[in-house]
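The residues making up each chain are set out below.
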Amino acid sequence: MQNQPAIIAVGRTKFGEYYGKEPEKLIEEAWLAASNDCCIERKDLEACYMSDCLLPITNKLGLEEGFLSELTELHVPMEVTRSFSAALLTACHAIQAGVYGTVLVGGIEKMTDRWDKIRDDLMLLDDPWSYFAGGTPESNHELMLRAYIKKHNITGQNQDTLNLALAEIAVKNHANASKNNYAQYQRKITVEQVLAARKQSHKSLGLYDFAPISDGASALILTNESVAKEISDQPIHILGLGAGTDFLNYPAREDLSRFIAAEYAMNTASKMANITPSDLQVFEVNDQSTVMEMISLEDLGLYRPGTAWKSIHEGLQNSENTYTKKGTPLYVNTDGGLKADGNPLGATGGAQIFEVFHQLRGTADERQIKNADGVPKQGCVVEFEGFGTKAYATILGDKTR
Amino acid sequence: MSSEPIERRVSYLGDRLKACRCQCCGKEYFEVRDYCSICGRKSYGKMASIDLFFDKGKFELATYINEPTNKFMKLSSFIYGIVSFHDGKIRVPARLTDQLLCDGQDVDISSFEGREVIPRFRRRYSVGKGDVIPTISLAFTLADEYYPHQEYKIVQPTKEYELPGIVGYGVYTSRFRIKERNMERAVPFIDEDSVTASVEAGKLALIHSGLDSSLVGKVYVGSESNPYAVKPIASKVAQVLKLGEEDDDIQGVDAVDTEFACKAGSSMFKDAAALVSYPRSNIKNAMVIGADNSQAAPRGCPGGELDTFVGYGAAAFLFGKLDVIAEVEGWYSCTSDTPDFWRRDGEPFPSHGGRFTGDPAYFKHVRKAASKLMEKSNLQASDINYFVPHQPNPTFPVRIAKELGFKDEQFSPSLVINKFGNTYSACSPAGLGSVLDIAEPDQRILMVSYGSGAGSDAYLLRTTSQILDKRKRQKINVKSQAENPFIEYVDYTTYRRLKLGM
């Protein structure tokens, strides 16, 4: 597998609000961080795969590649996709095909530049008919929770526990983010705060159930196996890749209580990696909301449909940050997830990879997870575009151990 | 949406809720498709076009929105969710409309789930003052509340009449009212206007008539509150109600807006009747709608006196010669250049001549038209069963009716002013609707409209036996709307807010 793609360095900015910074400044910072982490320089790059979801809208930037070329004085091929995972997938395909040996994958988003209109943009792009009928970026999550509760007939005490489990997801993610210097919200919250926010919003989900609007950038350097072997002591390999697609119009989907695209992507990735999802110890999932984190775990095959909330609640009763799975701990969103780390769409996937990369290398500092046999060997990143309209699963592993 | 082509495409599908069904596998889609995505090419040419406009759905999942996106800000909070049709074969996003929710209110979401809902044609969201006004029928109301579901069933006509007449009608007003002293006035919900009311009234008229909408060859809409200075309401009505033969995405119908203050609609009754009688016109049926979100300056401002009387509503009448419920026996019109009430272009609210709106204007013209028509037809007041005058306020119609020799029981059934307010172009037509709701066969009705500026049209109508047969089809009539247990009363501030719209 000479052409198996491997990540040799990662970099990112802190996520949050960058009032005074141009989007290019953010990607520059992320790229420099990655570049400093290895001995790859600009001139070594054979191509760039970038992602941003909304720059043409938020910053009226079209042809972002041109800006990057000016910034870097590079004239190599550059491509832009909407999500970091999509950029990574495309980059991996090029490496696998043997077209390139070393490429940059990066993502940027500058959502706060359009603070006043961003919710309209997000909803209109995610699901136009729902937007026309009055839907908000939050409403599909709330409807999915209703669909889930009804489909699995969760009532009474069980429904209370489910609601509590969702609150605990937010609390767990904030606790994780408190150890992450790059996170947008590096503070702990309590279950009471989550519940109070829901009460204040008069809804099943409140402020603390949703990921924020963020600015940020992330980058990684991807090489083929031989380059990786040459210049890195501990490359992290891409073991599995998968992507899936679903309808734009959420109400028209067959099953409203799960994300088929995520299931499809995970199946493809785990087949390619020859790993069953339950053998993976660390997951970064796309928690645009606490509901999404819960349901994703079922879509990935970690829990039976309709049961994830039980294990989430059980796990978080006994530990600050792990769910239980057949007695073994399951680590999800150790960086704080989209909820607390932040969700600058095009850069989000890069931060998820960044986290798993460090977890597998054993360099995740305070957040480092350790099982009986040491740091985890494989991890998985799941990223969405839209409300589950597109899903990407990427399985990473340290083959040196 | 400032893109005109996108707006056209969204409203083309969304206003009528166009859908299709694969005739191979039965799968349904909310959109127009050339082939089924399951059956592939074998379904090409076998996609039956259906629509959900007259259908009812089920509110499957609900949530509460109290932080809407920018374009829905003026709604502040509402119930939103997913509605399914045909046992879940089609699911669409849905906003529950006609609900005034207070901010900070706890809402039991599950109480909305599982209930039957009816698509309603409404404004979609707020846009800039210069933009095309977006509309959609992904707004729904609960079928067990103010507006029940009614099936639109096409009935083959059985009898041709000698004279043209009314073959169906519908009176529409909103669920909201403002009540001051003894007077109740209809208040539009914030997503309603004269365009949406016109479509609603037309929909009711089609249901009542049982007429195939493709047989309507002309539609007139009279209004003085068209939200556009240039762009007809009638084109929207024609497209949404699919009037005339449909060919591609164009309706084979003539559609025109008319204007003459409050008689803009009723003035066209005779034109419609004449048109359907002209042998070479090939037009079998014509629809006339009077609709207004009656404008008035706020109280305390010049012209604000009107704000005590104005209402909201529309009335639609279908004319033809088959299965007539009331024949048009005759008419008389009169006009003089009397500027008693006007609104200059670009001004939001009308002005009026105060006391001169009475004797030299309303009374003079109504009196002239009524007495001339009675004289021409050789009839006394006692020969007429019902008198329907224009009703700008509660006193004028009573005074003129008495002066013309009509007794209380002859004119009071027509008085809708105390229920809906002065609905301008819909006012005397709604009064006529109120009388047609109760009239027996073979009764004479004298209706006299009035439009400032000024003129009157008097019509003499004679009911037929079919008025009783068709009455059963219409559950939504003047009485059901005036005495509906689900009417919601609002205060003056809310009334002004709702009336200004999205």
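All figures in this text were calculated on a predicted structure; none of them were measured in a lab.

All names here are of chain A. Ordered by their spatial adjacency, eleven strands build an open sheet running β3-β2-β4-β5-β1-β6-β11-β10-β7-β9-β8, and the pairing between neighbours is mixed. Looking at the sheet topology across the chains shown, the edges are occupied by β3 (78-81) and β8 (322-325). Each neighbouring strand pair of the sheet contributes to a mean axis angle of 25 degrees, computed without reference to strand direction. Pairing of strand β1 (residues 6-12) with strand β5 (residues 215-223) involves six bridges; the strand directions are antiparallel.

We now examine the nonpolar core. With 277 residues, the main nonpolar core has Val103(A), Ala201(B), Val219(B) and Val237(B) as its most contacted residues. With nine residues, the top contributor of residues to this core is helix α4 (residues 84-96) of chain A. Each of two domains, domain 1 (4-17 + 52-142) and domain 2 (162-500) of chain B, supplies a minimum of three residues to this core. In contact with Val237(B), not counting residues within four places along its chain, are Ser198(B), Val199(B), Gly202(B), Val219(B), Val221(B), Ala255(B) and Ile289(B).

Attention now goes to the packing of helix α7 (residues 139-151) of chain A against helix α12 (residues 290-299) of chain A. All names here are of chain A. The interhelical angle for the contact between α7 and α12, taken along N-to-C directions, is 45 degrees, at an axis separation of 9 Å. As far as their axial angle goes, α12 and α7 are oblique. The way α7 lies across α12 gives a crossing that is left-handed. Here α7 contributes His141, Met144, Leu145 and Tyr148 to the contact with α12, which in turn contributes Val291, Met292 and Ile295.

Here we come to helix α3 (residues 64-72) of chain A. Residues and elements named next belong to chain A. Of all the positions in α3, only Glu64, Phe67 and Leu68 are classed as buried. Each buried residue of α3 lies within a common arc of 95 degrees when the element is viewed along its axis, so the set occupies one face. Exposed residues lying more than 90 degrees from the buried face of α3 are Gly66 and Glu70. The inward-facing, buried residues of α3 abut α1 (23-36), β2 (47-51), α2 (55-58) and β3. Once α3 ends, the next one or two residues include Glu73, with phi positive near 60 degrees.

Residue and element names in this part refer to chain B. Structurally, chain B comprises domain 1 (4-17 + 52-142) and domain 2 (162-500). For domain 1 versus domain 2, the separation of C-alpha centres amounts to 29 Å. Facing 13 residues of domain 1, the contacting portion of domain 2 comprises 14 residues. The element that contributes the greatest number of residues to the side of domain 1 that touches domain 2 is strand β7 (residues 116-123), accounting for three residues. Looking at the side of domain 1 that touches domain 2, its residues break down into six nonpolar, one polar and six charged.

Attention now goes to the packing of helix α8 (residues 156-177) of chain A against helix α13 (residues 308-318) of chain A. All names here are of chain A. As a packed pair, α8 and α13 sit with axes 9 Å apart at the nearest point and diverge in direction by 55 degrees. Classed by the angle they form, the pair α8 and α13 counts as oblique. As for how α8 packs across α13, the hand of that crossing is left-handed. Across the interface between the two elements, Thr161, Leu162, Leu164, Ala165, Glu168, Ile169 and Lys172 from α8 touch Trp309, Ile312, His313 and Leu316 from α13.

Parameters at a glance
Residues numbered from 1 in each chain as written. Chains lettered and ligands numbered in written order. Predicted model: local features only at pLDDT ≥ 70, side-chain atom pairs only at ≥ 80, totals over all residues. Pairing = 2+ DSSP bridges. Helix = DSSP H or I, 4+ residues; strand = E, 2+ residues; numbered from the N terminus. Axes fitted to C-alpha atoms, helices over the stretch in contact; angles between N-to-C directions. Core = buried A, V, L, I, M, F, W, Y, C linked by C-beta atoms within 7 Å. Buried ≥ 20, exposed ≤ 12 C-beta atoms within 10 Å, placed from the backbone. Domains from an automatic or database assignment. Contact = placed C-beta atoms within 7 Å. Parallel < 35°, antiparallel > 145°, perpendicular 65-115°, else oblique. Left-handed = near helix turned anticlockwise from the far one by under 90°. Arc of directions from axis to C-beta. Nonpolar A, V, L, I, M, F, W, Y, C, P; charged D, E, K, R; others polar.

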